[in-house]
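Below are the chains, spelled out letter by letter.
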Amino acid sequence: MKKLIEKDSVLNIYIYLSYLLAIFPVLPYAVRSIAIILWSVLGVVLWRLNYSGQNEIIKTKEKYLRYLVISTLPFLYLVVSLFYSDNFSEGLKKLIQMMSLLIFPLIFYLNRNVFTKVIVRRIIWVFCVSVVVFVLLQIIVSLFNIDYLLLDLTEKEIRRNNLSSLTTIEQNRINSIKIRRFRSFILKFGDTHFTYQGLWISFVIFVFLREAYLRFKKNLTHSIILLISASLLIIWLSLLSTRMPLLTVLIASFVTWLLFVKFEIKTFLILLITSILLSITSYFVFVPIKVRINEIFSTKFNLPTSGNDIETYNSVNVRNGIYYCSFKVIQKNILLGVGVGDSQSELNKCYENKIGAKIYKWMDYNTHNQYLFFLVSTGIGGLLLFLISIYIHLKKSITSRQAMYFYFSIIIILISMTENILVRSDGLMFYAFFGNLFLFNSKK
């Protein structure tokens, strides 16, 4: 009896810690780290209590063991690459930051019978609420500082952008600088890069729209509230002008809908045309989106120049330089990569020697592409292991007919094309926590 009470207590605390981890968007980084440690320790204790109380006979044991191996191999390959890196300390630092790629699969594997369908659903809703709270806080702070955000360009901003010699400044340039001001303000307050914020929001939008659809006939009020909440999140993404997350919502939603929902061609065409019209309307209604999309067409594949013309730098040509140097490094190290410790230093050398743009000296720019990260760090072998781990998520989500899991996998695949989601806590937590929660959930 005493062992049962002890086991139940540990189980309850472990589940509550899981809920705590789910609100990581509003948790300080230090609190996240402490919560992960406590959750992991209790997870091991709970596994030992379960294991000592009964024989661990599970028909799907071999399958989940295979999931564990496949999920951890990309990280283990990075560990191997550390030993042929010249900068061992830098590589070790990165591996410590990415430890969640090892911790979450292992703990979820050990406790794969703990998370029932109800618990998983609650965890997802706790996360959704935390994201909405995070967005609302940013909106409120922005409204309180609306005068500053809409203020005409200051002398400091004009000088910083090398525009002091101009008697008149084009409206497009003014809009671009004001958008940069707004994004810098939000980034300073929320301390979360817009791509990762967009990653979270894109998942929550799908959850809200799906629930609104399922509840439409049973509870119209709830459906309306969910639709309004989803619309608010979409508007916020538009104001942040997060191009890839917005595109991801559109693509992932359609792909998921086509695969999991029975439909008529007429319905499909109506939704497709409506989405296209809304996208075109957003371009003309939301100035931030218009400015950011115009950057793509005006810059195309140009690289940033090596002069002091800071006004020519934008997110597009900076990324062009990043991808240019990434492929330069990959060409010389396609088989094994340069090692996780040398990936950034090799990119920095290319930025300096091949491009020479001043902006690359202001901070370290990684590959901004998760697939290129593995190619640069570990070569073709590491990339294949990462692709296999993604494939496992896709396969299980389809075979188990879990639309939410499938959508999650698709947005990870898409966002990985423009961001290293596994090298920052915001992206790593989302991928490792929810990906393994879905993967190792053996409860129907």
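Above this text sits the structure in question.
Residues numbered from 1 in each chain as written. Predicted model: local features only at pLDDT ≥ 70, side-chain atom pairs only at ≥ 80, totals over all residues. Heavy atoms only, no water.

### Considering the overall build of the protein chain
Then step 1. Helix and strand counts for the protein chain stand at 19 helices and zero strands.
Then step 2. Taken against the 2.2 N^0.38 rule, which gives 22 Å for 444 residues, the C-alpha radius of gyration of the protein chain at 23 Å falls within 12% of a compact globule.
Then step 3. Its C-alpha atoms give the protein chain principal-axis dimensions of roughly 85 × 60 × 45 Å.
Then step 4. Every one of the 444 residues in the protein chain was classed for burial, and the buried ones make up 49%.
Then step 5. Counting only contacts in the protein chain whose residues sit at least 6 apart along the sequence, the fraction spanning at least 24 positions is 77%.
Then step 6. Per element, the accessible surface of the protein chain, about 22,900 Å² overall, is 66% carbon and sulfur.
Then step 7. The averaged location of the 23 negative side-chain charges in the protein chain is 11 Å from the averaged location of its 47 positive side-chain charges. (Helix = DSSP H or I, 4+ residues; strand = E, 2+ residues; numbered from the N terminus. Rg over C-alpha atoms; globule rule 2.2 N^0.38 Å. Buried < 20%, exposed > 50% of the residue type's maximum accessible area, 1.4 Å probe, protein only. Contact = heavy atoms within 4.5 Å. Areas by Shrake-Rupley, 256 points an atom, 1.4 Å probe, with all protein chains shown as cover. Lys, Arg positive; Asp, Glu negative; His and termini not counted. Charge placed at Lys NZ, Arg CZ, Asp CG, Glu CD.)

### Here we look at the state of the cysteines
Then step 1. Applying the stated criterion across every chain yields a total of one disulfide.
Then step 2. For C325, the disulfide goes to C350, at an S-S distance of 2.2 Å. Negative torsions about the S-S bond denote left-handed disulfides, and the value of about -80° found for C325 with C350 makes this one left-handed. With C325 in helix α15 (residues 315-332) and C350 in helix α16 (residues 343-355), this pair connects stretches of sequence that are 25 residues apart.
Then step 3. Judged by relative accessible area, which is 0%, C325 ranks as buried.
Then step 4. Classification of C350 by relative accessible area gives buried; the value is 7%. (Disulfide = S-S within 2.5 Å.)

### Considerations on the side chain of T367
Then step 1. Turning to its location among the elements, T367 is positioned in the loop between α16 and α17 (370-399).
Then step 2. We classify T367 as buried; its relative accessible area is 3%.
Then step 3. A distance of 2.9 Å separates the side chain of T367 from the side chain of N420, its partner in a polar contact.
Then step 4. Not counting chain neighbours up to four residues away, the residues in contact with T367 comprise I322, Y323, S326, L347, L372, F373, V376 and N420. (Polar contact = N/O pair within 3.5 Å; in protein donor to acceptor, adjacent residues only side chain to side chain.)

### Let's talk about unusual backbone geometry
Then step 1. For D191, which is not a glycine, the phi torsion comes out positive at approximately 55°.
Then step 2. Along the chain, D191 falls in the loop between α9 (171-190) and α10 (194-215).
Then step 3. A relative accessible area of 45% means that D191 is categorised as partly exposed.
Then step 4. The phi angle at S241 is positive, at roughly 55°, despite the residue not being glycine.
Then step 5. By the element assignment, S241 lies in the loop between α11 (220-240) and α12 (243-260).
Then step 6. The class for S241 is buried, based on a relative accessible area of 2%.

### Overview of the packing of aromatic side chains
Then step 1. One pass over the full model with this rule turns up 39 aromatic pairs.
Then step 2. Between R48 and the ring centre of W47, over which it is positioned, the NZ or CZ distance is 5.3 Å.
Then step 3. The positively charged end of R181 is found above the aromatic ring belonging to Y148, 5.6 Å away from the centroid. (Phe/Tyr/Trp six-rings, centres within 6.5 Å; stacked < 30°, edge-to-face > 60°. Lys NZ or Arg CZ within 6 Å of the ring centre and 35° of its normal.)

### Comments concerning the environment of L237
Then step 1. Mapped onto the secondary structure, L237 falls in helix α11.
Then step 2. Apart from the residues within four sequence positions on either side, L237 is in contact with G198, I201, I205, T242, P245 and L246.

### Section: a positive patch on the surface
Then step 1. Together, K156, R159, R160 and R180 line one region of the surface with positive charge.
Then step 2. Sorting elements by how many residues they give to the positive patch places helix α8 (residues 155-160) first, with three residues.
Then step 3. By the secondary structure assignment, R180 is in helix α9. (Patch = residues over 30% accessible without salt bridge, like charges linked within 9 Å, V, L, I, M, F, W, Y side chains within 5 Å. Salt bridge = Lys/Arg side-chain N within 4 Å of Asp/Glu carboxyl O.)

### Points about the pattern of salt bridges
Then step 1. Overall, the coordinates contain six salt bridges when judged by the stated rule.
Then step 2. For D426, the salt bridge identified is with R32, shortest N-O distance 2.8 Å. Of this pair, D426 sits in helix α19 (residues 425-439) while R32 sits in helix α2 (residues 29-53), and the two are 394 residues apart along the sequence.
Then step 3. On the basis of relative accessibility, which here comes to 3%, the residue R32 falls in the buried class.
Then step 4. Note that K349 is salt-bridged to E346, the shortest N-O span being 3.5 Å. Taken together, the residues K349 and E346, both in helix α16 and three residues apart, mark about one turn of the helix.
Then step 5. Residue E346 is classed as partly exposed on the basis of its relative accessible area of 26%.
Then step 6. Within the structure, one salt-bridge network assembled from shared partners comprises R121, R210, E211 and R215.

### As for the packing of α10 against α11
Then step 1. Orientation of α10 relative to α11, taken along the N-to-C sense of each, is 160°, at an axis distance of 9 Å. Classified by the angle their axes make, α10 and α11 are roughly antiparallel. Read as a crossing pair, α10 and α11 show a hand that is left-handed. Judged by residue contacts, F194, Q197, G198, I201, V204, I205, F208, L209, E211, A212 and R215 of α10 engage L220, H222, S223, L226, L227, S229, A230, L233, I234, W236, L237 and L240 from α11.
Then step 2. Considering only residue class, the contact of α10 with α11 consists of 16 nonpolar, five polar and two charged. (Axes fitted to C-alpha atoms, helices over the stretch in contact; angles between N-to-C directions. Parallel < 35°, antiparallel > 145°, perpendicular 65-115°, else oblique. Left-handed = near helix turned anticlockwise from the far one by under 90°. Nonpolar A, V, L, I, M, F, W, Y, C, P; charged D, E, K, R; others polar.)

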